[in-house]
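Here are the chains, one letter per residue:
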Amino acid sequence: MSNLDTPLRVHPVPAFSDNYIWLIECPAAPGRIVAVDPGDAVPVIAALKSRGASLAAILLTHHHPDHIGGVGELKRHWPEAAVIGPDDARIAQRTRTARDGEPCDLPDLGLRFAIMSIPGHTLSHIAFWGHGALFCGDTLFSAGCGRMFEGTPEQMTASLKLLAALPPSTSVYCGHEYTAANLKFALTVEPANATAQEYRERVLRLREAGQPTLPSSLALEIQVNPFLRCDIPSVREAAVQHAGRPLRESAAVFAVLRAWKDQFR
Ligand SMILES: [Zn+2]
């Protein structure tokens with residue numbers, strides 16, 4: 001079982017304007033790849049061909065087209081690839097359902113993930129966690145979080161708390177490159193956050209060089225991400241100031257931050 005603790009080799013495939021499709025090298029099956037949230041098949045096929053690799057499985061975090069749109073075409077190329085996703089009729093190509101609390105075991109590939117139900121962005125959104133890596137789709141971004149299309153602030157707050165309780169060393173693989181814009185907002189909420197200031201410098205350098213800012217780590221997110229910091233006095237105070245009224249629960253702080261960010265340019 002030791003290979004379950006080995007850090008994964010994961011490669012980003014940029015898609016559309018700011019999506020990342022993550023390609024995981026299978027520890028027990030050289031030349032085989034697991035793709036996470038392939039919204040577009042074309043760059044995945046190109047990346048696999050350039051490596052002489054084949055597709056072993058597809059992991060899906062939620063039903064949005066920019067995360068599942070490439071599944072049909074990938075299945076035409078690799079019909080045996082399992083398609084593992086949440087219990088949601090909107091993911092028609094699913095061959096295996098990932099359920100909260102059940103492990104997602106892929107023994108032939110040397111991979112094992114815990115499935116976490118994290119509603120908020122969508123109601124059936126899940127995360128895959130294992131090997132020190134978290135694939136969290138559009139729920140947690142670096143220095144930000146997803147919009148609440150289907151869930152409530154209470155659900156989203158609970159989901160983010162669940163993710164934040166994972167080991168701080170966890171590498172965070174998000175669905176989008178939103179870090180620079182998110183940090184602009186984070187520093188508006190917490191202008192004196194020195195870690196966020198330093199991170200912003202690093203992120204701007206990476207983006208200028210055309211490099212991804214991901215994966216992030218949970219340790220960093222807990223220090224810079226306002227949506228994971230709703231219980232921190234400076235964040236709470238900024239939300240209270242913005243709302244112009246007292247806020248009791250951390251879900252209320254979260255709701256104010258999320259609505260503020262939705263309007264933020
Ligand atoms: Zn989404």
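Structural notes, computed from the coordinates. Because the structure is predicted, anything quoted here is derived from the model rather than measured. (Residues numbered from 1 in each chain as written. Predicted model: local features only at pLDDT ≥ 70, side-chain atom pairs only at ≥ 80, totals over all residues. Heavy atoms only, no water.)

This paragraph deals with the packing of aromatic side chains. Counted according to the given criterion, the structure contains 10 aromatic pairs. Summarising the aromatic geometry, the rings of Phe135 and Tyr173 are spaced 4.9 Å apart at their centres and angled 15° between planes, so their arrangement reads as stacked. Here Phe135, found in strand 10 (residues 133-135), pairs with Tyr173, found in strand 13 (residues 171-173); they are 38 residues apart in sequence, far enough to count as distant. This pair shows no difference in class: Phe135 is buried, exactly as Tyr173 is. With centroids separated by 4.9 Å and ring planes inclined at 75°, the aromatic side chains of Phe141 and Tyr178 adopt a geometry described as edge-to-face. In this pair, Phe141 sits in strand 11 (residues 140-141) while Tyr178 sits in the loop between strand 13 and helix 5 (179-189), placing the two residues 37 residues apart along the sequence. On the basis of relative accessible area, Phe141 is assigned to the buried category, the value being 4%. Note on Tyr178: relative accessible area 29%, which makes it partly exposed. What links up through ring pairs into an aromatic cluster is the set Tyr20, Trp22, Phe113, Phe128, Phe135 and Tyr173. (Phe/Tyr/Trp six-rings, centres within 6.5 Å; stacked < 30°, edge-to-face > 60°. Helix = DSSP H or I, 4+ residues; strand = E, 2+ residues; numbered from the N terminus. Buried < 20%, exposed > 50% of the residue type's maximum accessible area, 1.4 Å probe, protein only.)

Within the first shell, the zinc ion binds the protein through His62 (NE2), His64 (ND1), His121 (NE2) and Asp138 (OD), at distances of 2.2 to 2.3 Å. Classification of the site at the zinc ion as irregular follows from its four donor atoms and the range of 90 to 166° in their angles at the metal. In terms of primary sequence, the donors binding the zinc ion are separated according to H-x1-H-x56-H-x16-D. Taken together, the residues His121 in the loop between strand 8 (111-117) and strand 9 (126-130) and Asp138 in the loop between strand 10 and strand 11 connect sequence positions 17 residues apart. Pair check on accessibility: His121 and Asp138 agree, each one buried. (Donors = N, O, S within 2.8 Å, 3.2 Å for Na, K, Ca; no water. Tetrahedral: all angles 85-135°; square planar, octahedral: opposite > 155°, others 65-115°.)

Taken in spatial order, the six strands make up an open sheet running 7-8-9-10-13-14, and their pairing is mixed. Edge positions in the sheet fall to strand 7 (103-106) and strand 14 (216-217), since each has one partner strand and no second. In terms of strand pairing, strand 13 meets strand 14 through two bridges, oriented antiparallel. Its bridge partner being in strand 14, Val172 is matched across the sheet by Ser216. (Pairing = 2+ DSSP bridges.)

Interpretation in functional terms is not warranted from these geometric data alone.
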